[in-house]
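A look at the structure
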Amino acid sequence: MALTIAPRAGFCNNTPMEKIRNFCIIAHIDHGKSTLADRLLEITGTVEKRAMKEQYLDSMDLERERGITIKMAPVRMNYELGIGNNDSEKKSNSQFAIPNSSFILNLIDTPGHSDFSYEVSRALTAVEGAVLLVDATQGIQAQTLANFHSAQKAGLTIIGAVNKIDMHPPGLEAVVDDVARLVGIPRDEVHRISGKTGEGVAELLRAVIEKVPAPTRREGERAALIFDSLYDDHKGIIAFVRIFSGAFRAGEEVRLMRAGEKLKIKELGALVPKMQSRETLDVGEIGYIATGIKDPDKLKIGDTIGPAVGGDALPGYREPQPVVFVAVYPHEDSDYDDLKVALYRLKLNDASFTFEPDMSEVLGRGFKCGFLGRLHFEIITQRLEREFNLKTVNSFPSVAYEVKQRGEWQTVQNPKDFPDDYEDVRQPIVHLEILTPARFLGEVLSLQSQFRFSGITTDNFGDYIIVTTKLPLSELVSDFDDRLKSVSQGYASFSYELSEPMPADLIKLEILIANEVVPGLTRVIFREDADREGRKMVERLKDLLPKQQFTQALQARAYGRIIARENIAALKKDVAGYLYGGDRTRKMKLWKKQARGKERLKRTGRVSLSPEVFRELLKK
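Just so it is clear, the structure is predicted and the values come from calculations on it, not from any experiment. Throughout, residues of each chain are indexed from 1 in the direction in which the sequence is written. In view of the model being predicted, local features appear only for residues whose pLDDT reaches at least 70, and side-chain atom pairs are presented and counted only at 80 or more, with totals across whole chains, interfaces and linings using the full set of residues. Only hydrogens and water are set aside when side-chain values are computed; all heavy atoms of the structure are taken into account.

What follows covers helix 8 (residues 336-348). A helix here means a DSSP run of H or I that spans at least four residues, while a strand means a run of E at least two residues long, and both kinds are numbered starting from the N terminus. For a helix, the expected span equals 1.5 Å multiplied by the number of residues minus one. In a regular helix each residue adds 1.5 Å, so 13 residues correspond to 18 Å; helix 8 covers 19 Å between its end C-alpha atoms and thus fits that length. Three labels apply to residues, based on accessible area from a 1.4 Å probe with only protein chains included: buried if under 20% of the type maximum, exposed if over 50%, partly exposed otherwise in between. Regarding helix 8, the residues found buried are Y336, L339, A342, L343, L346 and L348.

The structure is reproduced here in structure tokens:
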């Protein structure tokens, strides 16, 4: 993010708290949060119309290409209620008999995919209100319910809104009824809007001002909660903060309360939406503080910035718990240090991402990384390639198992460390809620045999059915999402949360190429699936791997024995082709010499798996 120094008109340093509104937008994926945020920026004049572009707050190319929000995006808007910031808003606001008044609106746009629910939870802690947005063409979805319940637990004021009314969907009124019933408000209080055209957005903004309470001052010493961060080469780690008490000034000494690290504030200011330096940040405001810290390990999301002496840490957030683990190795060994730096940079603004050093005899030095889901993993690897120009080789996604061996329980995250002789094992389980139209209930329930559902219950929600069940996390991160969309023609959606682990009958499946185990291909699977999966893996490898000068043996090993095998024949070269006529013994000598050379290669040759082969094997 670029920094601008000159203060913008209308942003004073002493804004009364009663004129501040902190709120976020929550919704299911692709229900129009970012488009609504665009209209709010436009209406409030925060971004000039000529500078506007779609998904303005989505700064990553990946967000624009996928059409989803990955990172939360805070922005400060100045709004003159009763006057409006442009001609269309003057006309819209003229119907309200409200005296002219200037408000500071701090908006946080949040992701919608369940993998990024931790981003949403951090946003909810920093605000007092939430706009619950529902797509009029799709209605309430599973993540709508999950985000609504999270906002309720956080004690936020929730405003219901139905988006995309410009498409004139036939079921609009039914969706409005569903939202009203969910939020617990009369149906005429549900806002009908179009983030695309701007219809109804001014009324929604007015409702935010009227219904969302102003921030309150926390008792005690000054305190700022860090809800996000990024890295700047010149200013070090920049913390995005919500001020809960007191005020902070540039140049003064403060302390990270949990880490115990003292620092001098290099710069602070507001996000409008680019960083804009100011003299102070006061209680109730949301902004940024440039810490000057260069070591990523010293600043944690959820920590409190407080006085240099004394003060208490704010409650902060729950620690994110990665549930999917992937070993990541640089494509070139010389890129290891660059990969390490890149992972540190990514972790600075993604507190849910974890990594630690790892070593593979075949792939060399790398890192064992933890993610919140499969999409989270895909996003991180794509960012490594795009933002840092690093190509990586990845193992299969796995989950953490609790394994009992020699009377002691231990957590195993890497499949290559899974023991062959264990006494007991427990696998992670998720509590799953599937929201599906009633007509697809049979097809959704048919997934039970493929994904090991347990304890299925159903409940009615308008024209929808809520299917509640439990299933192994390893099943969820395979291809559950694709299969659910397939059987429901894209209409069903789901949300999940971790539940108590349960016993399972599991086994380690290893793949050997030229008699050498490839750790990146090792998996922990259900015992009953071992033969089928082993056979499938070696058959796919036979199709994907190129021929070498020697015969390659592809083997799958489980139960301590080989359960499947395929051979890739050696390349053939007619070494005696240039000989014509004469004694055959000359040709025989050349053929025997070629055979001896292939035997030596077979004993010493190693097979290198390209990133492309790994990616193909990762596909279902």
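Think of a nonpolar core as a cluster: buried Ala, Val, Leu, Ile, Met, Phe, Trp, Tyr and Cys residues, connected wherever their side-chain atoms sit within 4.5 Å. Counting residues in hydrophobic clusters, the biggest one holds 46 residues, and the most contacted among them are I434 and F480. The leading source of residues in this core is helix 12 (residues 473-487), at six residues. Residues contacting I434, with those up to four places away along its chain left out, are V444, F453, I465, I466, V467, F480, L484, A492, S493 and F494. V120, L132, V162 and I165 belong to the second-largest nonpolar core, a separate cluster that totals 42 residues. Throughout, a contact is declared for two residues whenever any of their heavy atoms are within 4.5 Å.

Let us now look at empty space enclosed by the protein. Definitions used throughout: a 1 Å grid over protein atoms alone; a cavity as a set of points that fits a 1.4 Å probe which cannot get out; a pocket as an open set with protein on both sides within 12 Å along at least five of seven lines; a lining residue as one with an atom within 4 Å of a point. Grid points are joined across faces, edges and corners, and a volume is the space filled by probe spheres set on the points. By the definition in use, this model includes three cavities of 30 Å³ or more. The volume enclosed by the second largest cavity comes to roughly 70 Å³. Around the second largest cavity, the lining comprises 14 residues; the ones closest to its centre are V326, A327, S395, N414 and P415. Sorting elements by how many residues they give to the lining of the second largest cavity places strand 18 (residues 324-330) first, with four residues. Nonpolar residues are Ala, Val, Leu, Ile, Met, Phe, Trp, Tyr, Cys and Pro. Charged residues are Asp, Glu, Lys and Arg, and all others, Gly as well, are polar. Looking at side-chain class alone, the lining of the second largest cavity contains six nonpolar, five polar and three charged residues.

Strand order across the open sheet formed by six strands is 3-4-2-5-6-7, with mixed pairing between neighbours. Since the sheet does not close on itself, it has two edges, and those belong to strand 3 (73-81) and strand 7 (191-192), each with one partner. The pairing of strand 3 with strand 4 (residues 101-109) spans nine bridges and is antiparallel. Considered in strand 4, the bridge of Y79 is made with F103. Think of it this way: DSSP has to see at least two bridges between two strands before they count as a pair.

Our focus in this paragraph is the pairing of strand 9 (residues 236-245). Among the ten residues of strand 9, ten are classified as buried, and the element is accordingly described as predominantly covered. Of the pairings in the sheet, the one linking strand 8 (residues 223-232) to strand 9 comprises nine bridges and is antiparallel in character. If you follow A224 over to strand 9, its bridge partner there is I243. Adjacent in sequence and paired antiparallel, strand 8 and strand 9 are bridged by three residues.

Turning next to the environment of E279. Note on placement: E279 falls in the loop between strand 14 (275-278) and strand 15 (280-281). When the C-alpha positions of E279 and F248 are compared, they lie 8.5 Å apart, and in sequence the two are 31 residues distant.

Okay, the sheet that holds strand 21 (residues 392-394) next. Spatially, 19-20-18-21 is the arrangement adopted by the four strands of the open sheet, whose pairing is antiparallel. Looking at which strands have only one partner, the edges of the open sheet turn out to be strand 19 (354-360) and strand 21. Across the sheet, the axes of successive neighbouring strands diverge by a mean angle of 35 degrees, strand direction being ignored. As defined by bridge partners, strand 19 adjoins strand 20 (residues 364-371) across seven bridges and the pair is classed as antiparallel. Residue pairing in the sheet places F355 in a bridge with C369 of strand 20. Axis geometry follows a simple rule: fit a line to the C-alpha atoms, using only the stretch in contact for helices, then measure angles between N-to-C directions, giving values from 0 to 180 degrees. Against the sheet, helix 8 makes contact with strand 18, strand 19, strand 20 and strand 21, and its axis sits at roughly 15 degrees relative to strand 20, the strand it touches most.

That is the geometry; function is a separate question.
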